[in-house]
Amino acid sequence: MKTTNDFKIENLDIDIKEVFKTIFQYKWSTLIITLSVLFITSLFLYFKAPHYISSALIEVKTDTKQNIQQEDFLRSAFSNFGNEKLDKEIEILKTFHINNHALSTLDFEVQYFVYEWFKKVELYHKSPIEVKNIKIIYQDDLNIIGTVIKLTPVKNGYQLQVKNSFLKKILYFLLNKEIIELDDEKVYHYGDRVESEYFEFTIEQKMTVDEPIYFVLKGDNRQIFEGMINKNLQVNQPNPSAPLIQITYKDTIHRRANAYVDALSKSFILQSVTDKSRQTNQIIDFINKQLSDMKTKLDESEEKLERYRIEYQAIDPSLQAETFITELSRIEVQLSQNKLNEEIMENLLPFVQKGKNIDAIAPSLMEMNDQSTLELITRLQEAQIREEGLRIEYSGRHPGLVAVRKQIKHIKNKILLSIENLKSSMTHRNKNLQKLKALYEKNLESLPTQERTLINLKRDYQVSSETYNYLLKKKSENEMLKVAILSDYRIVDHAYSNGKPIGIKTPILLLIALLSGIILGILQALVRNLMNDKIQTRHDIENLTTLPIYGILPTLNQKALKLEVFKDQRSPFTESYRSLRTNLQFARKENQANVILVTSTVSGEGKSTIVANLGAIFQMANIKSIVVNLDLRKPTLHHYFNVSNSTGISTYLSGRNRIGEIIQSTEYKNLDIISSGPIPPNPSELILTHKLDELIEALKEEYDYIFIDSAPLGLVTDTMHLMQYADISLIVFRENYAKKSFVTDLNDLVTKHDLKHIGLVINSVDASSGAYGYGYGYGYGNK
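Residue numbers restart at each chain and count upward from 1, following the sequence in its written direction. In keeping with the predicted nature of the model, local features appear solely for residues at pLDDT of at least 70, side-chain atom pairs appear and are counted solely at 80 or more, and the whole-chain, interface and lining totals rest on all residues. Side-chain figures throughout are based on the complete set of non-hydrogen atoms in the structure, without hydrogens or water.

(A) Main features of the packing of helix α1 (residues 16–25) against helix α14 (residues 506–531). Every axis in this analysis is a line fitted to C-alpha atoms, fitted for helices over the stretch in contact. Angles between the N-to-C directions lie between 0 and 180 degrees. Under the scheme used here, helices are H or I runs from DSSP no shorter than 4 residues and strands are E runs no shorter than 2 residues, and both carry numbers assigned from the N terminus. Where α1 contacts α14, the two axes come as close as 9 Å, and the packing angle between them is 100 degrees. Between α1 and α14, the crossing angle belongs to the class labelled roughly perpendicular. Where α1 approaches α14, its residues T22, I23 and Q25 are matched on the opposing element by I522, A525, L526 and N529. Along the lines of polarity and charge, the residues of the contact of α1 with α14 split into four nonpolar, three polar and no charged. Any angle that is under 35 degrees is reported as roughly parallel, and any over 145 degrees as roughly antiparallel; angles of 65 to 115 degrees are reported as roughly perpendicular and all others as oblique. Two residues form a contact once any of their heavy atoms are found within 4.5 Å. Nonpolar residues are Ala, Val, Leu, Ile, Met, Phe, Trp, Tyr, Cys and Pro. Charged residues are Asp, Glu, Lys and Arg, and all others, Gly as well, are polar.

(B) Highlighting the sheet that holds strand β9 (residues 193–195). Here we have three strands laid out as an open sheet, ordered β6-β10-β9, and antiparallel in their pairing. The strands lining the two open edges of the sheet, one partner per strand, are β6 (129–136) and β9. Recorded for the sheet is a direction-independent mean angle of 25 degrees between the axes of neighbouring strands. Whether two strands pair comes down to DSSP finding at least two bridges between them. Direction of pairing for β9 relative to strand β10 (residues 199–205): antiparallel, over a ladder of three bridges. In the sheet register, E195 faces β10, and the bridge partner there is E200.

(C) Up close: the pairing of strand β13 (residues 244–251). Bridge analysis of strand β3 (residues 52–60) against β13 gives eight bridges, and the strand direction is antiparallel. Bridge pairing in β13 links S54 to Y249. Judged from the four bridges that link them, strand β12 (residues 233–236) and β13 form a sheet pairing that is antiparallel. Looking at β13, one finds that V235 is bridged to I247.

(D) Representation of a negative patch on the surface. Where like charges cluster on the molecular surface, the negative patch consists of E178, E181, D183, D184, E185 and E197. A 1.4 Å probe rolled over the protein chains alone gives each residue an accessible area, and that area as a share of the maximum for its type sets the label: buried under 20%, exposed over 50%, partly exposed in between. Looking at D184, the relative accessible area reads 33%, which means it is partly exposed. For patch detection, residues must exceed 30% relative accessible area and be free of salt bridges, and they are connected within 9 Å for like charges or within 5 Å for nonpolar side chains (Val, Leu, Ile, Met, Phe, Trp, Tyr). Every accessible area reported is derived by Shrake-Rupley at a probe size of 1.4 Å, with residue values counting cover from the shown protein chains alone. One speaks of a salt bridge when a side-chain nitrogen belonging to Lys or Arg is within 4 Å of a carboxyl oxygen belonging to Asp or Glu. Positive charges are assigned to Lys and Arg, negative charges to Asp and Glu, while His and the chain termini are left out of the count. The atoms used to mark charge sites are NZ of Lys, CZ of Arg, CG of Asp and CD of Glu.

(E) A look at the environment of T30. As for its placement among the helices and strands, T30 is situated in helix α2 (residues 27–47). Using a relative accessible area of 10% as the deciding quantity, one classes T30 as buried. Sequence separation of T30 and I522 is 492 residues, and the distance between their C-alpha atoms is 6.3 Å. Apart from residues lying up to four places away in sequence, T30 is in contact with I23, I518, G521, I522, Q524 and A525. Here the side chain of T30 touches Q524 through a polar contact of 3.2 Å, side chain to side chain. Two N or O atoms count as a polar contact when they lie within 3.5 Å, although within protein this holds only if one can serve as hydrogen donor and the other as acceptor, and sequence-adjacent residues are included solely when both atoms are side-chain atoms.

(F) Just the nonpolar core, in detail. The term nonpolar core refers to a set of buried residues drawn from Ala, Val, Leu, Ile, Met, Phe, Trp, Tyr and Cys, joined through side-chain atoms within 4.5 Å. Core analysis: the biggest nonpolar cluster contains 42 residues, and V628, L692 and F733 have the highest contact counts within it. Excluding residues within four positions of it along the chain, F733 makes contact with I535, I541, T601, E605, A738, F742, V743, L746, L760, V761, I762 and N763.

(G) Layout of helix α5 (residues 96–104). For α5, every residue scored as buried is listed here: F96, I98, N99, A102 and L103. Seen along its axis, α5 keeps its buried residues to an arc of 160 degrees; they face one direction. Opposite the packed face of α5, turned more than 90 degrees from it, sit the exposed residues H97 and S104. Note: the arc covers the axis-to-C-beta directions of the helix.

(H) Looking closely at α14. By this rule, a helix spans an expected 1.5 Å times one less than how many residues it contains. In a regular helix each residue adds 1.5 Å, so 26 residues correspond to 38 Å; α14 covers 36 Å between its end C-alpha atoms and thus fits that length. Taken together, the buried positions of α14 are occupied by A513, G517, G521, Q524 and A525. Contacts from the buried residues of α14 go to α1 and α2.

Shown next, in the form of structure tokens:
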């Protein structure tokens, strides 16, 4: 019946007690592995530089699109963009162009370090030195960027030494791969130019340098961006439904992270203002060019008119002439404005053909009073809003989104066609104005020459004056707009870091390390136990054989061979022998002496100790016993009783002594001994003589129990012959010494020779584990 500690999983019996016993058996290695993992993790946490993050939040204004009735048509004509998508702005923030401006405002070119308690500590804005005016000299295979340079202060200056990495040193020694080296004996002076084949720079001393300073050159802004910024910068939209951009930067110094996020945010906003100002500047430059040309023309027409009046004493023209002047001036102004509109249309048409942000041309169309196209743009804006809403919720294959996009494309085509028609209509209008102008000029020919000349001069002056005033007005408007330009972005939350490291949670990591160490320790214990071919527990034997176990004996540590059962009669050792005695008594044949043979599979399993102590424990119960040493090759039994080995089994079997001469009394009343005697040259042949039969029969007449110490079963054949005299043959297996294969071999031997009355004794069990309980188990008889 299984106990509550046993579980059956897929026909596999798992004894929890045995699992814990296995783990406890390897407790020291498990403890060492656990502590090692914990120690390595602690070292990693100690030397690992913590990382901090800083974040800022930028709002993308949703009301940047101005009312089309308030937008100047010149601004619209020269504008080539509308509202940008958030994802585009996010990608722009990741570009080197924007980051380059931010890096230019900060000092990321050099990092400074010192070592405190074997740990590298960065000096951010606290370095006693400053490396300035850096020039990197690039070699074919060598690059000083990222290499640690050590500055050692000496009297009147400093020395420099390159700290090459361990990998570079290995490659240098094994493959003779070139490494960066400096003359570390040369003394440099602060403020002097340091020149080498790898770099040039100047080191300024800001305060007293009393310990080595380590610094790393990071290169130019592009290299800093690629090697440091790009992998630590994150830009995203935290909420898809809100026009917000979050900038996050990770660094080992939280103040530097804050500084960079702030610099990048300001750089982005400044760039947007610069872009918008560039458009205004473009318009103002165009107006200034027109003003310059018109001012020259106005001055010339005014000078000609004044000179003509003085020369010819010209008076004001007649009423008819005034009418001609007014109409021709009006026509000239309209032609001038149409010419400007044609230039605007030429600028707008390619932009409309690209099909992006067409709503930006609406103010120009308002100036031209093109209501039909304005209505199309209104419809386009509404369709784009619907598309944006559907794009957030659905994929590009959604029927509603597909239909809206088709509608947008159709409207854009109609707007393009309307613009082309508007351009054609403007061209036709100009032709009509030119015809009307030609008609008035023909009518002027009917006037007197002097008056006609005066009319033309006055007309040129009025046209130039009106056009010039119009351009001055537009220039003033755009200059005011330039001053009032605001960015389309606003910093909602400035860069902030809470100063707490991210990623590494020391208590959690240490707990994980502790658990991992325990798990690894348990795994190694289980693997070692699985790979261990030695007998470790009673269950190992029970799983391999059905032979009965008569006794389980604890480990005995003794320097001298002596009878341990007399030392402490209440000890676990003595109790285990009492248990073995009891089991043997239950198996005793009635009314006759019993012969107990004790052997093992190999030497060193403690059979002689067991024989000696068995004889002692039986005599303690007043049972007349004798121990016989039939291990003629390696006798040790006589040492336990402090008797002579000059005579014994070998001298008796060889005919030199009689039975009475080889039996020796011990200091114990009911216990005698027959030692092995001198080691004979032919022990196997001696044992096969008939004299051994006589000896056994004689001993049976005199003693209740005869204990035979035999040679190991697996080494010689003597024991197989002696087993015929034994009522019980005890095979000793020493725990963590005998191999499991020995049990299998014993099974084969029992089956092959049909051996009877075979029993087992497990020796050298760890008594401190308590795994076998008090008395170390009981069992007798055949299963």
